[in-house]
Structures are given as structure tokens and as C-alpha cells.
Amino acid sequence: MAPLGPAERVLVSQEFLNSPHGQIKCTSCHGGNPNTPLTKDAKAEAHSPQANFVAYPSEHADVYCSSCHSDKTSKFANALHYTQEGYYKRFMIRAGGQDLRNDPKMAAGFNKDCAKCHASCGQCHVIRPTSVNGGLEKAHVFYETPSMVNNCTACHGSRVGEEYRGLHAGEEGWPEGIKADVHYNKGYQCSFCHTGHEMHGDGTKYDYRYVDNSDFVPQCVDCHQDVLDPNTENQYHKKHVQGDKKLECQICHSQTYKSCNSCHVQKGITGHSYPTFKIGKNYMKNDLRNFDYILVRHIPIAPDTYDNWGGSISLTTFDAAPTWKYATPHNIQLWTPQTDTTGTSWCGESCHSNFDKYLLTPADVDSNYLDAELKANAPVFVKDN
Amino acid sequence: MKRIFYVIPFLVVLILLASCQEKKTDIAQKKGLYEVTNQSSCVGCHTDKALLKQVAEPLEGGGGEAGEG
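Residues numbered from 1 in each chain as written. Chains lettered and ligands numbered in written order. Predicted model: local features only at pLDDT ≥ 70, side-chain atom pairs only at ≥ 80, totals over all residues.

Description of the overall build of chain A
Step number 1: The secondary structure content of chain A amounts to 19 helices and five strands.
Step number 2: Its C-alpha radius of gyration of 23 Å places chain A within 12% of the 21 Å reference for a compact globule of 385 residues.
Step number 3: With the C-alpha coordinates of chain A rotated into their principal frame, the extents come out at 80 × 50 × 40 Å.
Step number 4: Taken across its 385 residues, chain A has 32% of its residues classed as buried.
Step number 5: Sequence separation of at least 24 residues holds for 62% of the intrachain contacts in chain A that already meet a minimum separation of 6. (Helix = DSSP H or I, 4+ residues; strand = E, 2+ residues; numbered from the N terminus. Rg over C-alpha atoms; globule rule 2.2 N^0.38 Å. Buried ≥ 20, exposed ≤ 12 C-beta atoms within 10 Å, placed from the backbone. Contact = placed C-beta atoms within 7 Å.)

Notes on the overall build of chain B
Step number 1: Along its length, chain B carries four helices and zero strands.
Step number 2: Listed N to C, the secondary structure of chain B is α-α-α-α in terms of helices and strands.
Step number 3: For chain B, buried positions account for 10% of its 69 residues.

Comments concerning the pairing of strand β4 (residues 293-298) of chain A
Residue and element names in this part refer to chain A.
Step number 1: For β4, the buried fraction is high: five of the six residues fall into the buried class.
Step number 2: For strand β3 (residues 278-281) and β4, the ladder comprises four bridges, and the chain directions are antiparallel. The partner of Ile279 across the bridge, within β4, is Leu295.
Step number 3: When β4 meets strand β5 (residues 324-326), the two strands line up antiparallel, connected through three bridges. Bridge pairing links Val296 to Tyr326 in β5. (Pairing = 2+ DSSP bridges.)

Points about the sheet that holds β4(A)
Residues and elements named next belong to chain A.
Step number 1: Spatially, β3-β4-β5 is the arrangement adopted by the three strands of the open sheet, whose pairing is antiparallel. Each edge of the open sheet carries a strand with a single partner, namely β3 and β5. Looking at each pair of strands side by side, their axes are set apart by 55° on average, direction ignored. (Axes fitted to C-alpha atoms, helices over the stretch in contact; angles between N-to-C directions.)

Re the confidence of the model for chain B
Residue and element names in this part refer to chain B.
Step number 1: Here chain B shows a mean pLDDT of 67. Residues at 70 or above account for 45%.
Step number 2: Segment residues 31-39: pLDDT under 50, and 19 contacts once partners within four positions in sequence are set aside and those in other chains are kept.
Step number 3: Confidence metrics for the complex model read pTM 0.87 and ipTM 0.84. (pLDDT = per-residue confidence, 0-100.)

Comments concerning the nonpolar core
Residues and elements named next belong to chain A.
Step number 1: The biggest cluster of nonpolar side chains holds 16 residues, and the ones touching the most others in it are Ile251, Leu295, Val296, Leu360 and Val380.
Step number 2: Listed by contribution, the elements that provide at least two residues to this core are α16 (249-253) and β4.
Step number 3: For Val296, the residues in contact, after removing those within four places along its chain, are Lys278, Gly280, Trp324, Lys325, Tyr326, Ala327, Leu360 and Val380.
Step number 4: Among the nonpolar cores identified, the runner-up in size contains 11 residues, and Tyr64, Cys65, Cys124 and Met199 belong to it. (Core = buried A, V, L, I, M, F, W, Y, C linked by C-beta atoms within 7 Å.)

Quick word on the packing of helix α10 (residues 148-155) of chain A against helix α11 (residues 157-165) of chain A
Residues and elements named next belong to chain A.
Step number 1: Taken N-terminus to C-terminus, the directions of α10 and α11 make an angle of 135°; their axes are 7 Å apart at the nearest point. Classified by the angle between their axes, α10 and α11 sit oblique to one another. Seen from α10, the contacting residues are Thr153, Ala154 and Cys155; seen from α11, they are Gly157, Val160 and Gly161. (Parallel < 35°, antiparallel > 145°, perpendicular 65-115°, else oblique.)

Notes on the environment of His118(A)
Residues and elements named next belong to chain A.
Step number 1: Along the chain, the position of His118 falls in the loop between α8 (104-113) and α9 (122-125).
Step number 2: In sequence terms His118 and Ala327 are 209 residues apart; their C-alpha atoms lie 21 Å from each other.
Step number 3: Sequence-distant contacts of His118, that is, excluding residues within four places in its chain, are made with Tyr82 and Gln84.

Quick look at the environment of Leu167(A)
All names here are of chain A.
Step number 1: Along the polypeptide, Leu167 turns up in the loop between α11 and α12 (182-185).
Step number 2: Residue Leu167 is classed as partly exposed on the basis of its 17 C-beta neighbours within 10 Å.
Step number 3: Taking the C-alpha atoms as reference points, Leu167 and Thr195, 28 residues apart in sequence, are found 24 Å from one another.

Things to note about unusual backbone geometry
Step number 1: Its identity is not glycine, yet Asn133(A) carries a phi of approximately 75°, on the positive side.
Step number 2: Locating Asn133(A) in the fold gives a position in the loop between α9 and α10.

Side note on the environment of Ser28(A)
Step number 1: Looking at where Ser28(A) falls in the secondary structure, it is placed in helix α2 (residues 26-30).
Step number 2: Overall, Ser28(A) belongs to the partly exposed group, with 16 C-beta atoms counted inside 10 Å.

Laid out in C-alpha cells, this is it:
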């Protein structure tokens, strides 16, 4: 993603001024002082807090957007991109039920290190996300569908974005032959699966992205219904999708993907990200995710991760959730090292002969936090050693 | 020929109905939620790329790739 220049970030086009939003007086949304001279010295005055300047009006969607878009804003007020409730809830699970928002130092630390992942209406529909310093994406023209590169993967870049576009290929430490996701090669953008309905939510205040709601959670079988056909001739699907022990689709059709080190708080697990492919037990089965086995990726959480924030809340129940977490890699291929039968003596050899490499065991945990990791991931290990 | 005389009034009514439809922004303005755009120093500056290049300052970090998720 090429960065916007300082002028391009704030340049407004005639196309915008001719659009419906361009009919609204600038100060109606942005406040500020419109009566200042066009000089560098007057810039600060025009955009000053004293002039009630609002850089990002949609942070207050209930004030600035809802008069025309209440059907969206009323729901989005409870959506995960806006509330970040998923972060807070995951923290509470590991912190004995304590809410970091109740501790000023913890809340300040969160705002400094984590809150930039929050998204408002504008960060998808008019500017680039503030985590990449914002800037008007199309000279202030509002667009219905976010840009895959300049909006979605501006935030979801290092894992989803790079996997989906095949950008790990050739990187140091990555296996050769990592390809872009087959759906990307067919031209599908993020919004093909992740629709506005999913992004805006249904008004329910969820606290986890893996919700059990088939109304807006995309699933492979939404398009690939043939894998559920009882008359299918595909013996893999008969055995591993329709059989007694169900596998997440990605177990067969994902390539190697990234696990992360180094959380943004500069504490806890450090080091570079690394390629992984690990199969774990599904520790969070629900109706939508009734798989027995799933792919998991390690997240950079440790018992001391938030110590630098200086607050009074610590992760006293760190092991209440796994650190090898449910993963949905976005690097799908029909033929992968698991499904390729070239030169093998039987159809499952490629995968079944590599169980030592693929299956998550206690040997895979972070040795610096051995006890905590062993307890946290006990529900995920496929084998005990 | 007679048919044309019957059709014309219908067309006129249809056109009138279509032109009477209000845009959301029109409704918002009527409610007094927004004022219409007028030329101000906001537009004067933010549409002038040469001027913006003189006054806009680079941000720390540059605004390139992020990529946490």
C-alpha cells in the first residue's frame, strides 16, 4: 500500500463536492473555523479545539451519520470493529473476570497500544484506517465497498492480507511455493465473503468474532455445498467432512500460515513471526464450527504481557484460554502438501505420514512460559507428547 | 394518434412524481440538521493541491503498511 502524501491525505475533489455528502457544509461535520485566511499560520486556528474542530466525525456516528444512516449506525454501535469488545472480553477471561476499563492505567495502556484497531464508519468508507495514519482515500468521496488493500488489509495485513495475496512467497524462513489464495486469484475481494451485513452487525453486542450466527458468518459451504452432498464421489469429503471426525476445511486446503510473536506492548513474548501449520482439537465447538479438529495459530500473549502498563490487574487466570487459537488462514488452495497424492502409495499418505509435524503437542508450546502454556493449551493438544 | 394524448398526461405525472422524491440530504437539511455547502476557506484550501503542499505537514510513521490482523 503506497502511503498518501501530506497534501493527498487532505485533498478534497470536485467529485466529492458534487456528491450528496458534498452538499453538506464542511463545518456541519468537522466544526472548525471557516473564516480564517488561507495561510500556514491560520491553519492551526482553523483546526483548533477552540473552534470545535472534529477530524473524524464518524467517531460520533450517532451525531453525524445517524440522521441519514440510522439503519447502519444503530447496529454498528454494537459491532466488534467499533466496540473492540472482543479484546476486552479475551482480557477478562485471562484476568479473573476483571475489566481493564476499570483501571485507569490499564485503560490508558490499551488506548495507547491496542485501540488503534478500532474502526469507525469513516475508516472503511472515506479515509484509510487511522492505524496507518488515515488520509482521504478518494479525495473525500464516500464509497460503499471498502478497498481491500487500503482499508481491509491496511489493518488485517500481516496475516490475512499477506496470506491472501501470497506475499509471503520468497520471504526469509517461508517455504517456497506459498501461493496466493485461490479466491484472490479469481478476483474476489474481502467483501465477497465478509459482507456489509457482517461488518455492520445485527445490533447485538457480541464479544467474540467467532459467533454462532449463520445469518452473517461466512462459511465455505455457503458456496461449496457439494462437499455436504451424501452422494459425493469425493472420499475425502465423505470421511473428513461428513464422517464422525470432522475436519475444518482449512486442514486440507490451507498452506503454511503465520504465527506471531511480539505483541505491541513490547513485553512478554518477543521475536519475529514464523511460519506454522498445526492441527489442534477444536476447543470451542458450536453449531457453525462443529469440527473436531481445526488449524491453530499461536498468539503472542504471555502472563506478563501487560506488565508495562503499570496497572493493578494481572492475568491471574492466564491459562483459562489457549494461546494456540482457532485459525482461519486465508491462503486456500485445492492442492496442498496435505492433499497432493503425487508419488504416494495411498490417498492419505501425504497428511497421515506427517502427523508428527502437523499435530499440536506439548512440545510446541513456548518454553519461556512452559507451565502456563501447557495448562492453557491442554484442550487443544492432539497428542500428549 | 389518440393514444398519444392519453399517454402524455401519464408521462407528465410520472416525471413530476420522480422529481418530487427527496434525497436523504434534502431531508436532513429540512430538519435543520445540516446547512448547505457554501464557499469557505475550508473548500478554498482543501481543493488547492499546491497550497496544501505548502501547508500540510508529514506525519510520523508515514502512513504505509500496518498489518496486525
